[in-house]
Amino acid sequence: MSEPSIKPAYKRVILKLSGESFCRNREGGISMTEVARTSEQIKAVVEAGVELAIVCGGGNILRGKQFSAVSEAIQPATAHYMGMLATVINGLALQDALENAGVPTRLQSAIRMEGVAEPFIRRRCVRHLEKGRVVILAAGTGSPFVTTDTAAALRAREIEADVLMKATRVDGVYSDDPEKNPHAVRYADISFGDVLSQGLQVMDAQAVHHCMEHGIPIMVFNFQREGNILRAIAGERIGTLVHPNDQKPSA
């Protein structure tokens, strides 16, 4: 294996991949072309020596909250379980794409389904990471009414990750919706307190509160730009870093 060109700033990372990262822009379903592109970026991260766990979203297939809102025949809890199963489908696609690229993986599910995935067991997850395997974490927390953002925050705490990285189609956190307000300002860094007081859409409030309470920084960045996942893990100032008030990064 060749020497990595970038020295990682973090040893153990939780990467949150939204459902939209599994499909083409403004489409649904799964595009294996998009998944393969993401897998190549992940491969570079692993080759740099990073211990990486990935939490999958499932909105490209089904969003439980939205689904229950349009159908009275489906109970809200049932719709959330359906959304959790969608994340397992994405996890299976990502697992095969990564292994096709030569990256060893394990898929763990918070809902037991031993035929396709291991159950999530914290010690087993950490051991896989220590052995250089990418662990794909699916089915959220296994409970309804908990977002995959919050699941990512909880898993980051459980496995003692150095940072939670949210890979999106937006290049950071803005003062307003940049698609609606051309004067919206992008923050290079911002504290958890400011995110909550301004009501900024970084992650859901429960996930932000959890990271704030345990001092886990959140990096929000655009994963679609080639190499951005590795740059973010290397500590480059791309996207927005959300940090505790007393840990503002130096310029």
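Residues numbered from 1 in each chain as written. Predicted model: local features only at pLDDT ≥ 70, side-chain atom pairs only at ≥ 80, totals over all residues. Heavy atoms only, no water.

*Asks:* Whenever I open this one, the overall build of the protein chain confuses me. Can you help?
*Replies:* Counting its secondary structure elements, the protein chain contains 8 helices and 11 strands. Relative to the 2.2 N^0.38 estimate, which gives 18 Å for 251 residues, the radius of gyration of the protein chain is 17 Å and therefore close to what a compact globule would have. Once the C-alpha set of the protein chain is aligned to its principal axes, its extents read approximately 50 × 50 × 35 Å. Counting only residues that meet the buried cut, the protein chain has 51% of its 251 residues in that class. Taking all contacts inside the protein chain whose residues are at least 6 apart in sequence as the whole, residues at least 24 apart take part in 71%. Put simply, the protein chain shows about 12,200 Å² of open surface, and 48% of that area lies on carbon and sulfur atoms. Treating the 28 positive side-chain charges of the protein chain as one cloud and the 28 negative ones as another, the clouds have centres 3 Å apart. (Helix = DSSP H or I, 4+ residues; strand = E, 2+ residues; numbered from the N terminus. Rg over C-alpha atoms; globule rule 2.2 N^0.38 Å. Buried < 20%, exposed > 50% of the residue type's maximum accessible area, 1.4 Å probe, protein only. Contact = heavy atoms within 4.5 Å. Areas by Shrake-Rupley, 256 points an atom, 1.4 Å probe, with all protein chains shown as cover. Lys, Arg positive; Asp, Glu negative; His and termini not counted. Charge placed at Lys NZ, Arg CZ, Asp CG, Glu CD.)

*Asks:* I tried to follow the side chain of glutamate 34 on my own but got confused; where do I start?
*Replies:* Here glutamate 34 shows up in helix H1 (residues 32-47). Setting aside residues up to four positions removed in sequence, glutamate 34 forms contacts with Ser21, Phe22, Cys23 and Arg24.

*Asks:* Can you help me understand the sheet that holds strand E6 (residues 163-168) in this one?
*Replies:* Working definition: the strands of a sheet are paired by backbone hydrogen bonds and lie parallel or antiparallel to each other. Read from one edge to the other, the open sheet built from 9 strands follows the order E4-E3-E5-E2-E1-E6-E10-E11-E9, with strand pairing classed as mixed. Each of the sheet's edge strands pairs with one partner strand only, and the pair in question is strand E4 (118-119) and strand E9 (189-191). Taken together, the 5 bridges between strand E3 (residues 105-109) and strand E5 (residues 134-138) define a ladder with parallel strand orientation. Directly across from threonine 105, in E5, lies its bridge partner valine 134. (Pairing = 2+ DSSP bridges.)

*Asks:* Whenever I open this one, the side chain of glutamine 95 confuses me. Can you help?
*Replies:* For glutamine 95, the position within the fold is in helix H3 (residues 76-100). If near-sequence neighbours (up to four positions away) are discounted, glutamine 95 is found in contact with Thr105, Arg106, Leu107 and Ile136.

*Asks:* I would appreciate a short explanation of the environment of valine 45 in the present structure.
*Replies:* Tracing the backbone shows valine 45 in helix H1. In this structure valine 45 comes out as buried when scored by relative accessible area, which is 0%. Taking the C-alpha atoms as reference, valine 45 lies 10.0 Å from lysine 7; in sequence the two are 38 residues apart.

*Asks:* Please clarify how H3 should be interpreted in this entry.
*Replies:* Because an α-helix completes one turn every 3.6 residues, residues spaced three or four positions apart along the sequence face the same direction. Compared with an ideal rise of 1.5 Å per residue, which puts 25 residues at 36 Å, H3 spans 37 Å between its outermost C-alpha atoms and is within 8% of the ideal. Where H3 ends, the next residue or the one after it, glycine 102, has phi of about 90 degrees, a positive value. (Expected span 1.5 Å × (residues − 1).)

*Asks:* Looking at this structure, I do not really get the nonpolar core. What am I missing?
*Replies:* The tendency in soluble globular proteins is for nonpolar side chains to be buried side by side. In this structure, Leu15, Ile42, Leu94, Met165 and Phe221 are the most contacted members of the largest nonpolar core, which totals 38 residues. Elements with a contribution of two residues or more to this core: strand E1 (12-17), H1, strand E2 (51-56), H3, E5, E6, strand E10 (218-222) and helix H8 (228-233). Ranked by the residues each element gives to this core, the list is headed by H3, at 5 residues. Methionine 165 has contacts with Tyr10, Val13, Ile14, Leu15, Lys16, Met219, Phe221, Ala232 and Ile233, leaving out every residue within four places of it along the chain. (Core = buried A, V, L, I, M, F, W, Y, C linked by side-chain atoms within 4.5 Å.)

*Asks:* I keep staring at the pairing of E3 and nothing clicks. Help me out?
*Replies:* Within a regular beta strand, the side chains point alternately toward one face of the sheet and then the other, so they alternate between its two faces. The buried fraction of E3 amounts to 4 of the 5 residues, a majority that puts the element mostly inside the structure. The pairing of E3 with E4 spans 2 bridges and is classified as parallel. Its bridge partner lying in E4, serine 109 is registered against proline 119.

*Asks:* Sorry if this is basic, but what is going on with the layout of surface pockets here?
*Replies:* Any empty space left between atoms is shown by rolling a water-sized probe over those atoms. Of the voids in this model, the largest pocket is the one considered here, and its volume is about 1,600 Å³. Lining the largest pocket are 47 residues, and of these Ser18, Glu20, Arg63, Asp149 and Lys166 lie nearest its centre. Secondary structure elements with two or more residues in the lining of the largest pocket: helix H2 (64-69), H3, helix H5 (148-158), E6 and strand E7 (173-174). Take the lining of the largest pocket: its biggest share by element is 4 residues, from H3. The class makeup of the residues in the lining of the largest pocket is 13 nonpolar, 21 polar and 13 charged. (1 Å grid on protein atoms, 1.4 Å probe; cavity = no way out; pocket = protein on both sides within 12 Å on 5 of 7 lines; lining within 4 Å. Points joined across faces, edges and corners; volume = space filled by probe spheres on them. Nonpolar A, V, L, I, M, F, W, Y, C, P; charged D, E, K, R; others polar.)

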